[in-house]
Amino acid sequence: MARDFPFIPLSISTKYEGEALPAASKELKDEMLQRRSCRDYSEREVPESVVRDLLQIAASAPSGANKQPWHFVAVRNPEIKKRIREAAEAEEKLFYEERAPQEWLEDLAPLGTDWRKPFLTKAPWLLVVFKEIYGQDENGSKNKHYYVNESVGIASGFLIAAIHHLGLATLTHTPSPMNFLSEILERPPHQKPFLLLPLGYPADDAQVPDLGKKAFEEHSSLLK
Ligand code: IYR
């Protein structure tokens, strides 16, 4: 096939043969099924190079027309984390005490959450994921982005899986509304807050709610 753009060989070769493949998938499954959203963090430092690697992994995700419609802001500065916590807790207080419908509050009850978000100052890093609703080059001209929510959701999944693989903890926190993140982090109008992820080691005494996942037949159908 004649192509107008350059192609290069795919640099993935067969990694597992025979029984090694099912053994590897089981090992990976067992590891991934240990992942939990964590709200209790240690103050132990996570090196900047680790955060850079994690964000490069997230930014390697597939995206619509390879537009990479995301921007990540990693916050370690205690003053900025404090401002984010105060703004998030103000929104959350309104959510829990006024905005949330009864059914939503009942659905959240098993999670044991409330408006207090100590993890926003305790975790050594806050990773803020922005979606870019359109692209903008240096001279200010706009270009289209495609499947933005899908793309940024996939990138966030890469990030969460990589964090877990390193034995670190995170949580997908979505204070609503979260425009305060654009103001505090001084982001341009084409970048909209998508997700807020604390990153750190879990606290030694961290606890998580005793929740289960759906059985295979409930979440998947295998047609043979
Ligand atoms: N944003 C609130 C409420 C909340 C909503 C959902 I959906 C959750 O899965 C968990 C919490 C909060 O962060 O507490």
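Scope of this entry: the structure provided in the associated data block. As the structure is a prediction and not an experimental result, all values here were calculated from the model. All residue numbers refer to positions counted from 1 along the written sequence of the respective chain. Local features are withheld for residues below a pLDDT of 70 in this predicted model, meaning they are given only at 70 or higher, and side-chain atom pairs are given and counted only at 80 or more; totals for whole chains, interfaces and linings count all residues. Excluded from the side-chain calculation are hydrogens and water; included are all heavy atoms of the structure.

**Considerations on the pairing of strand β2 (residues 125–132)**
Residue exposure (1.4 Å probe, protein chains only): buried if accessible area is under 20% of the type maximum, exposed if over 50%, otherwise partly exposed. To qualify as a helix, a DSSP run of H or I must reach at least 4 residues; to qualify as a strand, a run of E must reach at least 2; elements of each kind are numbered from the N terminus. In terms of burial, β2 is a largely internal element, eight of the eight residues being buried. Burial along β2 is two-sided: Trp125, Leu127, Val129 and Lys131 and Leu126, Val128, Phe130 and Glu132, pointing in opposite directions, are all buried. Of the pairings in the sheet, the one linking strand β1 (residues 70–75) to β2 comprises six bridges and is antiparallel in character. Along β2, the bridge assignment pairs Ala74 with Leu127. Here, a strand pair is defined by DSSP locating no fewer than two bridges between the strands. Across eight bridges, the pairing between β2 and strand β6 (residues 191–200) is antiparallel. When the bridges of β6 are listed, Glu132 appears paired with Gln191.

**What about the layout of surface pockets?**
Only protein atoms enter the 1 Å grid used here, on which a cavity is any set of points holding a 1.4 Å probe that cannot leave and a pocket is any open set flanked by protein within 12 Å on both sides along at least five of seven lines; residues with an atom within 4 Å of a point are listed as lining. Grid points are joined across faces, edges and corners, and a volume is the space filled by probe spheres set on the points. Within this model, the largest pocket holds a volume of roughly 460 Å³. Residue lining of the largest pocket: Met32, Leu33, Arg35, Arg36, Ser37, Arg39, Leu111, Pro209, Leu211, Gly212 and Lys213, and that is the complete set. Residues were grouped as follows: Ala, Val, Leu, Ile, Met, Phe, Trp, Tyr, Cys and Pro as nonpolar; Asp, Glu, Lys and Arg as charged; and all remaining residues, including Gly, as polar. Counted by class, the lining of the largest pocket contains five nonpolar, two polar and four charged residues. Considering only enclosed or pocket space, the second largest pocket measures out at about 360 Å³ in volume. If you go around the second largest pocket, you meet 18 residues; those closest to its centre are Arg39, Leu108, Thr172, His173 and Thr174. Within the residue set of the lining of the second largest pocket, elements represented by two or more residues are α3 (78–99) and α4 (102–108).

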